[in-house]
Amino acid sequence: MKTDKQLWGVSPDGKEVFLYTIENGSGAFVRLCSVGAAIVSVVVPDKDGKLADVVLGYPQANDYFADGPCSGKCPGRYANRIARGKFTLDGVEYTLPVNNGPNHLHGGPQGFQNKVWESRMVGDAVEFLYVAEDGEAGYPGNLKVVAHYEWSEDNALELTFTAETDKATVVNLTNHAYFNLNGEGNGDILGHFLKLNSAVYLPTDDTLIPLGEPDAVAGTPMDFREFKLIGQEIKEDFPALNYGKGYDNCFMVSGYEPGQLQSAAKLYSPLSGRQLEVLTTQPAVQIYTGNWLAGCPVAKCGRSYFDYEGVAIECQHAPDSPNKPDYPSTVLRPGETLQEAIIWQFSVR
């Protein structure tokens, strides 16, 4: 394994931003940066052995600050939405910044994704650290988060999150990478096939806040229990698709058990032959088909992306869990350690 660290830029507030490369023996590699502990590139072979970058992203460090798509980054303290920017924990109501219609999204405009994390190499791995202060973005507790990335000889990228707090708080961590298995900048993902290990999804209101109980996917455009073209039903007249201009929905992982890795999703492009399997210890996966990518910063391909040029497969807890006691809990208390993992396994067929 070959590793490299270089200074990539300086943040608007003067902090150094580092870019890391981990390359395996076959020449496949990943690039990571310290803005939001981001995945900048994943370069893997297609069915003919040709390497291409299958992750959407930008050519400059400063493009990663406050970009609308949250490309490749780790949002927090709470990924996804919290209704009306409010939740109550242990009898105390907390108020968070509202930045997505009437709701709080991805920790707010100054969420973890827009922070420069401390970073270091640990052997062949790369580790990022962020410490959020008590009261930051309205959340209680000093929260220490570590994102640990490893790249394998068989083209698997593993991300392990750990977090600790000194006061009861809520935490939901994920990575927001967008994938295009034909290579970034090479068209949309509507011709990709998607398969989800999920029999139910969470219906939402028109602001994408879950209504409560999950619904069965059977007989709806939300059914990806077998491989199906992403574009096959994306324009159907169906509430979930109308609200988000495509898929932007939370699917509950079948067979979820805390701490146990489960296959959550598979993505396949017949054009390139690349396949991605996503495994996680988390109870849910948000599928977002890049419905609002247009207008993002100029990308690695030399232009801004268009809508639907990438799909995010965000392994996480359910949106608005702090206000939904029946959902798997996102509460973290002093003395506990949050541990979650996501693995992206790339292959060809």
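Data block above holds the structure.
The rules behind these values
- Residues numbered from 1 in each chain as written.
- Predicted model: local features only at pLDDT ≥ 70, side-chain atom pairs only at ≥ 80, totals over all residues.
- Heavy atoms only, no water.
- Helix = DSSP H or I, 4+ residues; strand = E, 2+ residues; numbered from the N terminus.
- Rg over C-alpha atoms; globule rule 2.2 N^0.38 Å.
- Buried < 20%, exposed > 50% of the residue type's maximum accessible area, 1.4 Å probe, protein only.
- Contact = heavy atoms within 4.5 Å.
- Areas by Shrake-Rupley, 256 points an atom, 1.4 Å probe, with all protein chains shown as cover.
- Lys, Arg positive; Asp, Glu negative; His and termini not counted.
- Charge placed at Lys NZ, Arg CZ, Asp CG, Glu CD.
- Core = buried A, V, L, I, M, F, W, Y, C linked by side-chain atoms within 4.5 Å.
- Pairing = 2+ DSSP bridges.
- Axes fitted to C-alpha atoms, helices over the stretch in contact; angles between N-to-C directions.

Caption draft 1: Quick peek at the overall build of the chain. Each helix and strand in the chain was counted, giving 1 helix and 26 strands. Scaling as 2.2 N^0.38, a compact globule of 349 residues should have a C-alpha radius of gyration of about 20 Å, and the chain matches this with 19 Å. Projected onto its principal axes, the C-alpha positions of the chain cover 60 × 50 × 40 Å. When burial is assessed residue by residue, the chain has 58% of its 349 residues classed as buried. Nonlocal contacts in the chain, meaning residues at least 24 apart in sequence, comprise 65% of its contacts between residues at least 6 apart. For the chain, the computed accessible surface area is about 13,300 Å², with 49% contributed by carbon and sulfur atoms. Here the chain holds 27 positive side-chain charges and 44 negative ones, and the gap between their average locations is 3 Å.

Caption draft 2: Inspection of the side chain of serine 71 at higher detail. Secondary-structure assignment places serine 71 in the loop between strand 5 (51-53) and strand 6 (81-82). For serine 71, a relative accessible area of 2% translates into the label buried. Serine 71 has contacts with Leu56, Gly57, Tyr58, Tyr64, His176 and Tyr178, leaving out every residue within four places of it along the chain.

Caption draft 3: Geometry of the nonpolar core. The biggest cluster of nonpolar side chains holds 64 residues, and the ones touching the most others in it are Val42, Trp344 and Phe346. Examining the composition of this core, we find that 5 residues originate from one element, strand 12 (residues 143-151), more than from any other. In contact with valine 42, other than residues within four places in its own chain, are Phe29, Val30, Ala52, Asp53, Val54, Val55, Trp151, Leu157 and Phe346. Counting residues in hydrophobic clusters, the runner-up holds 20 residues, among them Val17, Tyr64, Tyr178 and Tyr288.

Caption draft 4: Layout of unusual backbone geometry. A cis amide bond, omega 10 degrees, links glycine 76 with the succeeding residue arginine 77. Mapped onto the elements of the fold, arginine 77 is located in the loop between strand 5 and strand 6. Non-glycine residue leucine 208 carries a positive phi angle of around 70 degrees. As for its position among the elements, leucine 208 is in the loop between strand 17 (200-201) and strand 18 (215-216). Its relative accessible area of 10% is what places leucine 208 among the buried residues.

Caption draft 5: Region of the structure containing the environment of phenylalanine 179. Within the element layout of this structure, phenylalanine 179 appears in strand 15 (residues 178-179). Taking the C-alpha atoms as reference points, phenylalanine 179 and tyrosine 327, 148 residues apart in sequence, are found 28 Å from one another. With residues near it in sequence (within four places) discarded, phenylalanine 179 still touches Val54, Val55, Ile189, Leu267, Leu276, Gly310, Val311, Trp344 and Phe346.

Caption draft 6: Expanded view of the sheet that holds strand 1 (residues 2-10). Taken in spatial order, the 5 strands of this open sheet run 1-2-3-4-5, and their pairing is antiparallel. Each edge of the open sheet is held by one strand with a lone partner, namely strand 1 and strand 5. Strand after strand, the sheet turns through a mean of 15 degrees between neighbouring axes, direction not considered. Here strand 3 (residues 29-33) pairs with strand 4 (residues 38-45) via 5 bridges, running antiparallel. Its bridge partner lying in strand 4, valine 30 is registered against valine 42.

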